[in-house]
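# A structural walkthrough
So the chains spell out like this:
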Amino acid sequence: RFKVASGNKYFTVADDVLFNKDKTELLYYPNAKKGSLYTVKKTVDTIKYNAFAYNKYLENITIKNGVKNIGFNAFEYSNIKCVTIPGSVSAIGGGMFKGCGKLKNVECNADISSITPGMFYGCSALKTFKIPESVTEIMEFAFMGCRELDVKIGKNISRISSIDAFYNAAVSFEVDKDNGFYKSINGVLYSKDGTKLEYYPYKKAGAYVMPDEVMEINHNTFLDNTSITGITLSNNIKEFDMYSLYGCTSLERLVFPAGIENIIAGNRELSRSGYGLKSLKEIYVPESNTNYKIYEGCLYSAGYKKLYIVPASCDTLVINGNTEEIADGIVCQNNFKEIKIPDSNQYYTVKDNVLYDKTITKIIIFPGKLKTYNVPATVKDVSVLLNDFCTDEEDEGFVKYDNMAYSLESITTDAGNNYFKAENGVLYNKDMTE
C-alpha cells in the first residue's frame, strides 16, 4: 500500500493506490495489493507506465470512459485475465500487456491507429481480440507468442510489421474481404496479390503446399513452428534460407521447387544443431534442378561438391565420393551407427566409422551411437567431442542433435598421439594438465 503525508502537494492515495494530487493520473497500483477486481476512477485520464505491472492478485480491470492515455508496459507480467478499454482512450504505449500469460479477454473500443510494439507480447492464453476499426497498423512483436489467438484483420489495416508481429502466434488468420492489402487462404496470411507469404499460424498442423503465386516469404513465417509437418515451396521461390525453419521440430518433409537457385544453409550461428529439424525424414529436389541434388537422402549442391543437409531419419550416413565441403550444422539428428565415404574422396576419410579430414588430424562428424572411441595417433582436433552447444537436460531429444558424442562411454588413445592421453576411459591433454 501507499500512504501520503497530509501536507504533500503532489500525490494522493485512494484505496492504497497512488495518484497525482487531482487524481487525473493513476501512478502505481501496488504489485502486492490483494483483490481480484478494480475499476479505474472516473477522474483519471492517464494510466502511467508500469502502473499495474507484476501484480499477482488482480484479475479483472474496468477502465471507465474518460481515460485517454495508457502508458507503456502498464499491465506487464500481471495475472490479469479481463480488461475493458473504453472509446475515450486514444494513446496506448508499447508492451501494455507484455507477459500477461493469463489474459483471455480484452474488450477494446479505443480510438487508436496502431497495435503498438509488443502490446500483447507473450499473452499465450489470449483467444479472441477484436481489433478496433480505427487501427491501420500492427507493429513489431504486437502479438508475439499469442498461440491460441484467432486473428481477424479488419478492412482498414494497411501495414503489418514483418518483424515478429505474429511470431510464434495464431491459430488462424481471417481477413476482411474489403481489405486492400492482405488476404487469407485456409487460415494463412498473404499479401493481397498473393505474392508474399506474410505469416503462417503457429497452431496450424499438417502439411502446407505454398501457392505458386508466392514469390517472397517473411523470414519469420515458420520460425519455431512446432505444428507444421510438411512444406512444399512455391515454384516461384528462387532463394530459401534454411534458418527460417529453425525450431520446426515436427517438420517431416521439405519439398524444393525445380527452379530453386540458392539454398542458404550451414556455417551460421545457431545452425549447428541442424536447425532443430529433429523429425525431418525427406528432402526433395526435382531431378531437373541444375543447382542441387539428392544423394542417399541428403541434400547436396550440383555435382555433389557440398553437403548441405542430413535428414534426421538417417542412421547410416553415406557421403558422395565427390564431396569437397561439409557445412557446419547440417545434421538434423545424429543417430548414425556408421559413416561411409569412398576411399577415392580427396578431402575426407572414415576410420572406425568416424569421419575425419583426409589427413586424419580433425574429427568432422562423430556418430551419435558410438560407445567407445580410440583417438588415432595423427588426430589433434577433437573439438566435435567437446561441443556442448546442444546439451539440454530438460529435453532428451535435443542432446542428440549435431555431432554430439552422446553415447560415448570410454575413450582410449594411440600411444603415438602427441596431443592427447587417455586414462581409465577419460581423455586428457598430453601432459594431463587438462
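One structure accompanies this document, and this report is about it.

Analysis parameters
- Residues numbered from 1 in each chain as written.
- Predicted model: local features only at pLDDT ≥ 70, side-chain atom pairs only at ≥ 80, totals over all residues.
- Heavy atoms only, no water.
- Pairing = 2+ DSSP bridges.
- Helix = DSSP H or I, 4+ residues; strand = E, 2+ residues; numbered from the N terminus.
- Contact = heavy atoms within 4.5 Å.
- Phe/Tyr/Trp six-rings, centres within 6.5 Å; stacked < 30°, edge-to-face > 60°.
- Buried < 20%, exposed > 50% of the residue type's maximum accessible area, 1.4 Å probe, protein only.
- Lys NZ or Arg CZ within 6 Å of the ring centre and 35° of its normal.
- Salt bridge = Lys/Arg side-chain N within 4 Å of Asp/Glu carboxyl O.
- Disulfide = S-S within 2.5 Å.
- Polar contact = N/O pair within 3.5 Å; in protein donor to acceptor, adjacent residues only side chain to side chain.

### Comments concerning the sheet that holds strand β7 (residues 69-70)
Taking strand neighbours across the sheet as the criterion, the 6 strands line up as β1-β2-β3-β5-β7-β9 in an open arrangement whose pairing is mixed. Each end of this open sheet is capped by a strand with a single partner; those strands are β1 (11-14) and β9 (91-92). Bridge count for β7 against β9 is 2 bridges, and the pairing is parallel. Residue Ile70 lies in a different strand from β9, and its bridge partner there is Ile92.

### Digging into the side chain of Ser78
Examined against the element boundaries, Ser78 turns out to sit in the loop between β7 and β8 (82-85). Discounting chain neighbours no more than four positions away, the residues touching Ser78 are Phe52, Tyr54, Asn55 and Cys100.

### As for the packing of aromatic side chains
On inspection of all chains with the given rule, the structure shows 25 aromatic pairs. Centre to centre, the rings of Tyr49 and Phe72 are 5.1 Å apart; their planes meet at 5 degrees, and the pair counts as stacked. Of this pair, Tyr49 sits in the loop between β5 (46-47) and β6 (60-63) while Phe72 sits in the loop between β7 and β8, and the two are 23 residues apart along the sequence. Residue class for Tyr49 comes out partly exposed when judged on its relative accessible area of 47%. A residue is classified by how much of its surface remains accessible, and Phe72, at 44% relative accessible area, is partly exposed. Joined through ring pairs, the aromatic side chains of Tyr29, Tyr38, Phe52, Phe75, Phe97, Phe120, Phe129, Phe143, Phe166, Phe173 and Tyr199 make up one cluster. One Lys or Arg, Lys98, reaches over the ring of Tyr121 and ends 5.6 Å from the middle of that ring.

### Section: the sheet that holds strand β20 (residues 216-217)
With mixed pairing, 4 strands are arranged side by side in an open sheet as β16-β17-β18-β20. The sheet terminates laterally at β16 (182-185) and β20, the two strands that pair on one side only. Pairing of strand β17 (residues 188-191) with strand β18 (residues 196-199), which is carried by 2 bridges, proceeds in the antiparallel orientation. Among the inter-strand pairings, Leu189 is bridged to a residue of β18, identified as Tyr199.

### With respect to the pattern of salt bridges
Following the criterion strictly, the structure yields 11 salt bridges and no others. With its nearest N and O atoms 3.9 Å apart, the salt bridge here joins Glu198 to Lys196. For the residue pair Glu198 and Lys196, the accessibility class agrees, reading buried in each case. In this structure, Glu282 and Arg253 form a salt bridge, with 2.8 Å as the shortest nitrogen-oxygen distance. Taken as a pair, Glu282 in strand β25 (residues 282-284) and Arg253 in strand β23 (residues 253-255) lie far apart in primary sequence, 29 residues in all.

### Thoughts on the state of the cysteines
Applying the stated criterion across every chain, the model contains 0 disulfides. Between Cys82, a cysteine without a disulfide, and Cys100, which holds the nearest cysteine sulfur, the sulfur-to-sulfur distance is 12 Å. Cys123 provides the cysteine sulfur closest to Cys100, a residue in no disulfide bond, and the two sulfurs are 5.3 Å apart.

### Notes on the environment of Asp45
The residue Asp45 is located in the loop between β4 (37-40) and β5 in this model. In this structure Asp45 comes out as partly exposed when scored by relative accessible area, which is 27%. Spatially, the C-alpha atom of Asp45 lies 33 Å from that of Asp176, the residues being 131 residues apart in sequence. A distance of 2.9 Å separates polar atoms of two side chains, one belonging to Asp45 and the other to Thr46.

Worth remembering: the numbers are spatial, not functional.
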